[in-house]
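# A structural walkthrough
The residues making up each chain are set out below.
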Amino acid sequence: MKDVREILKKRPLLFDGGMGTYYKAAPGQECEQANLLDPEGILAVHRAYLAAGADTVKTNTFGLPRMAAAQNPVWEALADEGWKLAVQAAAETGAAVFADIGPAPDTEAQPAAQLYIALADRFAALGAKNFLFETLSTDTGVTEAAQHIKKTVPDAFILVSFAVLPDGYTREGRHCAELVRRMTESGVVDAVGLNCVSAPGAMRTLVQRLGGTKLPLSVMPNAGYPVVTRTRVQYQGRPEYFARELACIAAECADVHILGGCCGTTPEHIAALRGALDALPDALPAAPVAEVSTPAKPEVEKDDAFLRKLNAGKKVIAIELDSPKDADLTGYLDGARRLQAAGADLLTIADCPIARARMDSSLVACRVHRELGLNVLPHMTCRDRNLNATKALLLGLYAEGVREVLAITGDPIPTAERDEVKNVYQFNSRKLAQYIVSLAGEGREMPSPMTVFGALNLNARNFDVELRRAVEKMENGMSGFLTQPVLSAQAVENLKKARETLGEKAKLLAGIMPVVSQRNAIFMENEINGIHVEQAIIDRFAGLDRAQGEELGLEVSVQAALAAAPYADGFYLMTPFNRVALMERLIARLKEEVIAD
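Residues numbered from 1 in each chain as written. Predicted model: local features only at pLDDT ≥ 70, side-chain atom pairs only at ≥ 80, totals over all residues. Heavy atoms only, no water.

On the basis of which strands lie adjacent, the open sheet formed by 8 strands has the order E1-E10-E7-E6-E5-E4-E3-E2 and parallel pairing. Bordering the open sheet on either side are strand E1 (13-14) and strand E2 (56-58), each of which pairs with just one other strand. Note: strand E3 (residues 96-101) against strand E4 (residues 130-136), 3 bridges, orientation parallel. Across the sheet, the residue bridging to isoleucine 101 is phenylalanine 133, located in E4. Strands E2 and E3 of the sheet are contacted by helix H6 (residues 74-91), whose axis makes an angle of about 155° with E3. (Pairing = 2+ DSSP bridges. Helix = DSSP H or I, 4+ residues; strand = E, 2+ residues; numbered from the N terminus. Contact = heavy atoms within 4.5 Å. Axes fitted to C-alpha atoms, helices over the stretch in contact; angles between N-to-C directions.)

Looking now at the packing of helix H4 (residues 39-51) against H6. A pair of packed helices can be characterised by two numbers: the angle between their axes and the separation between those axes. Across the interface, H4 lies against H6 with an axial gap of 9 Å and an inter-helix angle of 40°. Here H4 lies oblique to H6, going by the angle between them. The two elements H4 and H6 meet at a crossing, and its hand is right-handed. Note on element contacts: H6 touches H4 through Leu85, Ala86, Gln88, Ala89 and Ala90, opposite Pro39, Ile42, Leu43, His46, Arg47 and Leu50. Broken down by class, the residue content of the contact of H4 with H6 amounts to 8 nonpolar, 2 polar and 1 charged. (Parallel < 35°, antiparallel > 145°, perpendicular 65-115°, else oblique. Left-handed = near helix turned anticlockwise from the far one by under 90°. Nonpolar A, V, L, I, M, F, W, Y, C, P; charged D, E, K, R; others polar.)

The strands that make up a sheet are held in pairs by hydrogen bonds between backbone atoms, and each pair lies either parallel or antiparallel. Pairing within the closed barrel is parallel, and its 8 strands lie in the order E11-E12-E13-E14-E15-E16-E17-E18. Within this sheet the neighbouring strands show an average axis-to-axis angle of 25°, counted without direction. One ladder, built from 3 bridges, connects strand E11 (residues 316-320) with strand E12 (residues 346-349); its direction is parallel. Each residue of the ladder has a partner; that of glutamate 320, found in E12, is threonine 348. Against the sheet, helix H19 (residues 489-502) touches strand E15 (451-456), strand E16 (480-485) and strand E17 (507-512), its axis set at about 170° to E17.

On to the pattern of salt bridges, then. Side-chain pairs of opposite charge can arise whenever the charged atoms involved come near each other. Taken as a whole and assessed by the stated rule, the structure comprises 38 salt bridges. Of the charged contacts, one joins aspartate 55 and arginine 11 as a salt bridge, the two residues approaching to 2.9 Å between their closest N and O atoms. With aspartate 55 in the loop between H4 and E2 and arginine 11 in the loop between helix H1 (4-10) and E1, the pair connects residues that are 44 residues apart, well separated along the chain. (Salt bridge = Lys/Arg side-chain N within 4 Å of Asp/Glu carboxyl O.)

Okay, the pairing of E15 next. Of all 6 residues that make up E15, 5 are buried, and the element is covered over most of its length. Two elements, strand E14 (residues 404-408) and E15, share 3 bridges in a ladder whose sense is parallel. Bridge pairing links glutamate 404 to threonine 451 in E15. Pairing between E15 and E16: 4 bridges, direction parallel. Among the inter-strand pairings, alanine 455 is bridged to a residue of E16, identified as leucine 482. One crossover worth recording links E15 to the parallel E16 by way of helix H18 (residues 463-475), and it is right-handed. (Buried < 20%, exposed > 50% of the residue type's maximum accessible area, 1.4 Å probe, protein only. Right-handed = clockwise from strand over helix to strand, strands pointing away.)

Take the side chain of asparagine 494 next. The topology assignment puts asparagine 494 in helix H19. When neighbours within four sequence positions are excluded, asparagine 494 is seen to be in contact with Leu458 and Phe463.

By the secondary structure assignment, leucine 339 is in helix H14 (residues 330-342). It is 8.4 Å that separates the C-alpha atoms of leucine 339 and isoleucine 587, two residues lying 248 residues apart in sequence. Discounting chain neighbours no more than four positions away, the residues touching leucine 339 are Ile319, Leu321, Ala344, Leu347, Val580, Met583, Glu584 and Ile587.

On to the packing of aromatic side chains, then. Taken as a whole, this structure holds 7 aromatic pairs when the rule is applied. Three or more aromatic residues link up through ring pairs in this structure, and these residues are Phe15, Phe98 and Phe157. The positively charged end of arginine 403 is found above the aromatic ring belonging to tyrosine 398, 3.6 Å away from the centroid. (Phe/Tyr/Trp six-rings, centres within 6.5 Å; stacked < 30°, edge-to-face > 60°. Lys NZ or Arg CZ within 6 Å of the ring centre and 35° of its normal.)

Turning next to unusual backbone geometry. The phi dihedral of glutamine 71 is positive, around 55°, even though this residue is not glycine. With respect to the helices and strands, the residue glutamine 71 is situated in the loop between helix H5 (64-69) and H6.

As C-alpha cells, then:
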C-alpha cells in the first residue's frame, strides 16, 4: 500500500470520485449497505476509479456516523466490510486507502466527538492509517477525534474536508477560512480541504480567496450542480471541464496538493484529471492576479445611537411592539413615533411570535428606521429560513442601516398546522449568531459586524443550564441578552447570577412586561413559555377594572425595574395588547424613578 506522505513529496495526491452517486443503490437502500448486499458492485467501483489513475480510494462508509448515532448495530459490520473491499481493490495497484467518515450529528446525549472516535477506533483496529473526515459543515468534535487517533495511531494521516457553498460558508454558517485556520492550529490534522456542494469553477474561486495555508490543501468539488428529474439526480459537468479547472487550481495555488472528486464525478472525470495533472510542468508559476481599479467606498456607520449609549454605560430603554397581522402599517408607525417621543432608545420587533404569521419583522424594522430614524432591533428566528434566505435578509438589513439583531431559535409551529406548514430549522441561535458575526471581516460581505443579542430566560427551571447556554452564545459572538419578564423575586436573583457569571462584557436588558389584569397574569403564567408570574402578583389584580389594572401594572413594573437595575444595562419593555399609551407612561416613570441620565 502506497505511503501518502511519500506521494505528496513528489506530486499531487489524486483521490477517487463520488461513490454514492456513481454506484446505483437499490431504491430505499443506503449505498453503504451494499458492502454486505453487493460487495462485487462496490469492488467494481473501487477498481474503476483505480484504473482511471487514482492514487487512493475511500472506504464506502460515509454514512456510518448517522447509523451509529441511530444505534443501528449494522454499522460495525458495514465498516468492516467497507474496509476489506477497499483494501482488496487497492492491493491490486498498491494504492492507499482512506477510512471515510462523514458528518456526525452532535447532541448533548451523544456528542459528535464520541461518534467520530467510535468509527476511528473501529477502522484503526482493522489497520487503517489514513483517515478522511469529509463533507463537514462544522468542526465540532473533529479536533477531539483527531487527537484520539494520533494517540492510537501515531503515524496516522488525517485529512479534514468541509462542504462549502460558493459564497464561502457551510450550511451551518461557518466560513471556510475560519475552519481551515482552526484545523491548522489544532496541531493534529495533516491536511485540510474543501469538497462537495460547489462545482469546479466556484471551488477555484474559493481556493483563491483562502490565500496561503500552512497545511496541504485538498480540493474535491462536485462534477457540477445537480439536475433533479422525477426519478434521479444527475450531474452534467463534463470530465474535460472538471479536469481543466482542477488542473488550473493545482497550477495557481502552491498549497493544493490533494485533488479528487465528490458527487457526480465518475471514473471518466478522474481519468481526465489524471491526464491533466500529469501534463503539468513540475514547477509552474502562479497566474498573475489582475489589478482591478475600484472606486473609493463611502464611510459606513458601524454602530448607532443606541449602541453608543449602551457602550458608554448609560441605561437604555428598548421597547417591543409587535408588527401588524395585516398589511397596514399606519397605526404601527404612529405607535412607534409616540414611543420614540416618549424616550425609547430602540424598537424591537418580534419575528412571528408563537409561530403565527405577522408582517415581517425585518421589513418593518427597515421602514421604521428609514421613516423615523429610530434605532431598531428585528428579531430573527432560526425557524422559517434556510441559510441563503437568512444571509439575503441580513445583507438587506445592513444596507438599510440596521446594526443589531436578536438571534433566537423561534417557537415551533403548533401541531394542528404541521400537515400544511412545515418547520425549517437549519441551525440554532448559537450557530446563527456565529454566522452573523462571520459575515464581517477582510474580504467578507459586511464592512463591520452586526451586534447580535440573544434571549435569556430568567424563569428557566434549571437556570444553571440556561446560563451555560448563555456563555456558549457569547463564545459564538453574541454581545448581550434581552431577558424574559422579571415578575418574581427568583427572576431578580437569576439576573444577579447572570451578571456575576457573564461579567460586565455582556449587555443585559432586563425584561419588563406590565401585567394589566388578573386574567392576563394567569394566562401568562400558564400559556406563555418562559414567563413566571408570582402568585402574590396574580392575587393583587383580583377584582380590578381596566384602569385600576393598568395602575397596578405600572407600579409592579417600576418595582421590578428598581430591583433589576443594579444588575442590568437597561430595560427591555414588552407592550401588552399594543397599549402604547400605557408604555408611554411606563417610560416616563422609569426615567423619573429608575434611570438617572
